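# Survey of secondary and tertiary structure
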Amino acid sequence: MSFRDRFSTKSPKPHTPPRAVQVDLEELDSQWPPVEPLANETEAQRADRLERERKAKAVSDEIDHAIELEKHERRKRRVDVKIILLGQAESGKSTILRNFQLKFTPASFHAEAAAWRAVIDLNLVRSVTFLLSLLSEAPQGTPPPEGTLVPLADIGDDLRRLRVALSPLRHVEEHLARFLSPDDQGRAAPTPAWLSERGFEVAVRPGSRWKALFSRGGAGASDASKSETQGVEEVKNARRVIEACREDILALWAHPRVRRSLEEQSVALQFQSGFFLDEVERIAAPGYQPSPEDVLKARIQTVGVEEHVLRMETAPELGQSWSIIDVGGSRGMRAAWVPYFDDVNVLVFLAPVSAFNQTLAEDRTVNRLWDSFLLWKTVCSNKLLKDVSFILLLNKYDILDAKLKSGVQFRHYVTSYKDRSNDQDSVLIYLKDKFSMIYKQYSTSQRPLHVHVTCATDSHATSLVLARIREVIFTGNFERADLL
């Protein structure tokens, strides 16, 4: 029996390490929601916080309005199955959605592949400009903030040449980001003085047209505006620049000084979502077309809530309509989850097991694994979901394995792990037990829990998991119809 099959069961610093996780169910109950401390806040900090809260309120109101419109539209549409994907940001929800599309609507998935090239290009360029920022001069006389990367000092002539040769990619990054997220919401660049290891993300709101502009007619579609057509041309020009910079990108990523600096500062870009620097020669080549694996690896942030209605192309669900709700997982987006719990058949919760040594982007004092425990407890105890089938995906086990083999000690971040073996099997058994314990204590019904260990970027392995999820869906439909 394979390792993944054993877990497919049904059961009733950067500079300073993140806060260690002590799993205590009573503490879980008292710590939700986490309270952000405001001690020693200056007037300037208070003003800045209030302005950010004002902007957040405006975004929240916009999301609420979008929810109401979407609920109105959904009442007009009939779907056979409704699935909701939950989990924190970067847990792999959107990647699992793409796996659903690849398995059950393959023709539609491949028709959209060309559109994903812009996202892949942006992911690649973002990594390059991150490295270019590493070659900028470090600010003098100010200690770096916690969790930021210190630029190199006294770079040599070879790195100076690469910095100049690759500087056009900063404009490429801007063009691609503007095309994918034209309203500039949810997109933030690194600060001028110091560099965050996360680089920046591009957020796409529901209703974005970037896919449609590149598929089935592309920019020549009759409903494409002049600005949209111009945006597509900019994306094509950006691709030409990337192709021209291919050799210099390869040289920058292979440079020993750059690699050594990243290693010394405990930054592993290869573990970040949307990492393509190890495939530059193929991806930056003329005529490149994204493979299904490339589309699954591509990273773009979901802002708000977006419903994807899949018209099933495969037997035995051929002709059915499955609604999959993909929600933003950042703290500011979680308030939008509850209205979508109505009439859900299956809830898929993704817990990124590789995030045990990471903190939330929104609050660097909160460990991401701890946050997953809190979210899971909250979802399990929600009475609106008492009749919903629960599926837990312990995702990103491949990155977990790589981290453990590189010497990162799980017990340094999860204190209750104690002296257990620092290997993938032991850690996954521990995490499965902890999530199952929370489920058993807080679940509002006696429904079974279906647990799977996944690597969402592995389409073959994930396809087997989706087949089992389909079985859960069909079994639930039969039970509701009193056929079982």
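Residues numbered from 1 in each chain as written. Predicted model: local features only at pLDDT ≥ 70, side-chain atom pairs only at ≥ 80, totals over all residues. Heavy atoms only, no water.

As named in an unreviewed UniProt entry, the protein chain is G-alpha-domain-containing protein, taken from Auriscalpium vulgare.

### Focus on the pattern of salt bridges
Per the stated rule, a full pass over the model turns up 19 salt bridges. A salt bridge links R282 to D294, with the nearest nitrogen and oxygen atoms 2.8 Å apart. With R282 in helix α12 (residues 280-283) and D294 in helix α13 (residues 292-297), this pair connects stretches of sequence that are twelve residues apart. Of the charged contacts, one joins R331 and D363 as a salt bridge, the two residues approaching to 3.6 Å between their closest N and O atoms. Note that R331 is positioned in the loop between β8 (321-327) and β9 (346-352) and D363 in the loop between β9 and α14 (368-380), a separation of 32 residues in sequence. The exposure class assigned to D363 is buried, which follows from its relative accessible area of 10%. Sharing partners across several salt bridges, the network here consists of E279, R282, D294 and K297. (Salt bridge = Lys/Arg side-chain N within 4 Å of Asp/Glu carboxyl O. Helix = DSSP H or I, 4+ residues; strand = E, 2+ residues; numbered from the N terminus. Buried < 20%, exposed > 50% of the residue type's maximum accessible area, 1.4 Å probe, protein only.)

### Remarks on the pairing of β8
Along a regular strand, successive side chains alternate from one face of the sheet to the other. Buried residues dominate β8, accounting for seven of its seven residues. The alternating pattern of β8 places S321, S323, I325 and V327 on one face and W322, I324 and D326 on the opposite face, and all of these are buried. Relative to β8, strand β2 (residues 81-86) runs parallel, the two sharing five bridges. Residue pairing for β8: I83 is matched across the bridge by I324. Bridge count between strand β7 (residues 305-311) and β8: seven bridges; the pairing is antiparallel. Of the residues in β8, the one forming a bridge with L310 is W322. (Pairing = 2+ DSSP bridges.)

### Brief notes about unusual backbone geometry
Most of the time, phi is negative for any residue but glycine, and the peptide bond is trans. In the segment running from A315 into P316, the intervening peptide bond is cis, with an omega of 5 degrees. Of note, P316 is situated in the loop between β7 and β8. Not every positive phi belongs to a glycine, and K396 is a case in point at roughly 65 degrees. When you line up the elements, K396 lands in the loop between β10 (389-395) and α15 (397-405). Judged by its relative accessible area of 15%, K396 is buried. You will see that K418, though not glycine, has its phi angle at about 55 degrees, which is positive. Relative to the helices and strands, K418 resides in the loop between α15 and α16 (424-442).

### Notes on the packing of α15 against α16
The geometry of α15 relative to α16 is characterised by a closest axis approach of 10 Å and an angle of 125 degrees between their N-to-C directions. As the angle between them shows, α15 and α16 are arranged oblique. Remark: the crossing between α15 and α16 carries right-handed chirality. Where α15 approaches α16, its residues Y397, L400, D401 and L404 are matched on the opposing element by Q424, V427 and L428. Of the residues that constitute the contact of α15 with α16, the class distribution is five nonpolar, one polar and one charged. (Axes fitted to C-alpha atoms, helices over the stretch in contact; angles between N-to-C directions. Parallel < 35°, antiparallel > 145°, perpendicular 65-115°, else oblique. Left-handed = near helix turned anticlockwise from the far one by under 90°. Contact = heavy atoms within 4.5 Å. Nonpolar A, V, L, I, M, F, W, Y, C, P; charged D, E, K, R; others polar.)

### Quick word on the packing of aromatic side chains
Under the criterion given, the structure shown has 14 aromatic pairs. The interplanar angle of 85 degrees and the centroid separation of 5.2 Å between the aromatic rings of Y417 and Y430 together place this pair among those described as edge-to-face. Taken together, the residues span a long stretch of sequence, with Y417 in the loop between α15 and α16 and Y430 in helix α16 at a distance of 13 residues. Three or more aromatic residues link up through ring pairs in this structure, and these residues are F349, F373, W376, F390, F435 and Y439. Stacked on the ring of W253, the Lys or Arg R259 has its end atom at 3.9 Å from the ring centre. (Phe/Tyr/Trp six-rings, centres within 6.5 Å; stacked < 30°, edge-to-face > 60°. Lys NZ or Arg CZ within 6 Å of the ring centre and 35° of its normal.)

### Focus on the nonpolar core
One broad rule of soluble globular proteins: the nonpolar side chains tend to lie buried together. Within the largest apolar cluster, 54 residues are counted, with the highest numbers of intra-cluster contacts made by L86, L347, F349, W376, F390, L392 and F410. In contact with F349, other than residues within four places in its own chain, are L86, G87, S372, L375, W376, V379, I391, L392 and L393. Core analysis: the next-biggest nonpolar cluster, separate from the first, contains 50 residues, L102, F130, V235 and W253 among them. (Core = buried A, V, L, I, M, F, W, Y, C linked by side-chain atoms within 4.5 Å.)

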